[in-house]
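# Tertiary structure, described
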Amino acid sequence: QVQLVESGGGLVQAGGSLRLSCAASGNSFSLNTMGWFRQTPGKQREFVASITSSGSTNYADSVKGRFTISRDNAKNTVYLQMNSLKPETTAVYYCNKVGGVGGVIPLGYWGQGTQVTVSS
């Protein structure tokens, strides 16, 4: 099974930017659709963005226009560039293999995630 390690989170002021990275260990990373999710205490994990092996992307309405998902198959890594950050963006962010229409269904095991905190 693929192992996922998220990094790049931290504390940032509202309006700032962060780039998250997800490094995957597995034999078929380049064939997988990958997605980012986030979770706040008391809430279920929610879909943020996904990208197919061919580069097609899908975004949650709440982040469209501000976040950009990308991937580097040579590095087995998927990225999430987050711009114009808002306090409500604060959450733990996770990546995973995804499926279903729009790549919104997580399929693999969850990693530890990376904390993003946006101050006002």
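Summarised in this report is the structure supplied together with it. (Residues numbered from 1 in each chain as written. Predicted model: local features only at pLDDT ≥ 70, side-chain atom pairs only at ≥ 80, totals over all residues. Heavy atoms only, no water.)

### A closer look at the side chain of T114
Relative to the helices and strands, T114 is located in strand β11 (residues 114-119). Within the structure, T114 has its side chain in polar contact with the backbone nitrogen of G9 (distance 3.0 Å). (Helix = DSSP H or I, 4+ residues; strand = E, 2+ residues; numbered from the N terminus. Polar contact = N/O pair within 3.5 Å; in protein donor to acceptor, adjacent residues only side chain to side chain.)

### Section: the pairing of strand β8 (residues 77-82)
Counting buried residues in β8 gives 5 out of 6 residues, a clear majority hidden from the surface. In this structure, strand β3 (residues 18-25) lies alongside β8, joined through 6 bridges in antiparallel fashion. The partner of R19 across the bridge, within β8, is Q81. Strand direction decides the pairing type here: strand β7 (residues 67-72) and β8, joined by 6 bridges, are antiparallel. Bridged to R71 within β8 is V78. If you look at the hairpin formed by β7 and β8, you'll find 4 residues sitting between the two strands, and N76 has a positive phi there, around 50°. (Buried < 20%, exposed > 50% of the residue type's maximum accessible area, 1.4 Å probe, protein only. Pairing = 2+ DSSP bridges.)

### Things to note about the state of the cysteines
Taken as a whole and assessed by the stated rule, the structure comprises 1 disulfide. A sulfur-sulfur distance of 1.8 Å marks the disulfide that ties C22 to C95. Sign of the S-S torsion, about 55° for the bond between C22 and C95, identifies this disulfide as right-handed. Here C22 is found in strand β3, whereas its partner C95 is found in strand β9 (residues 91-99), with 73 residues between them in sequence. In this structure, C22 and C95 share a single accessibility class: buried. (Disulfide = S-S within 2.5 Å.)

Read these as geometric descriptors, not functional statements.
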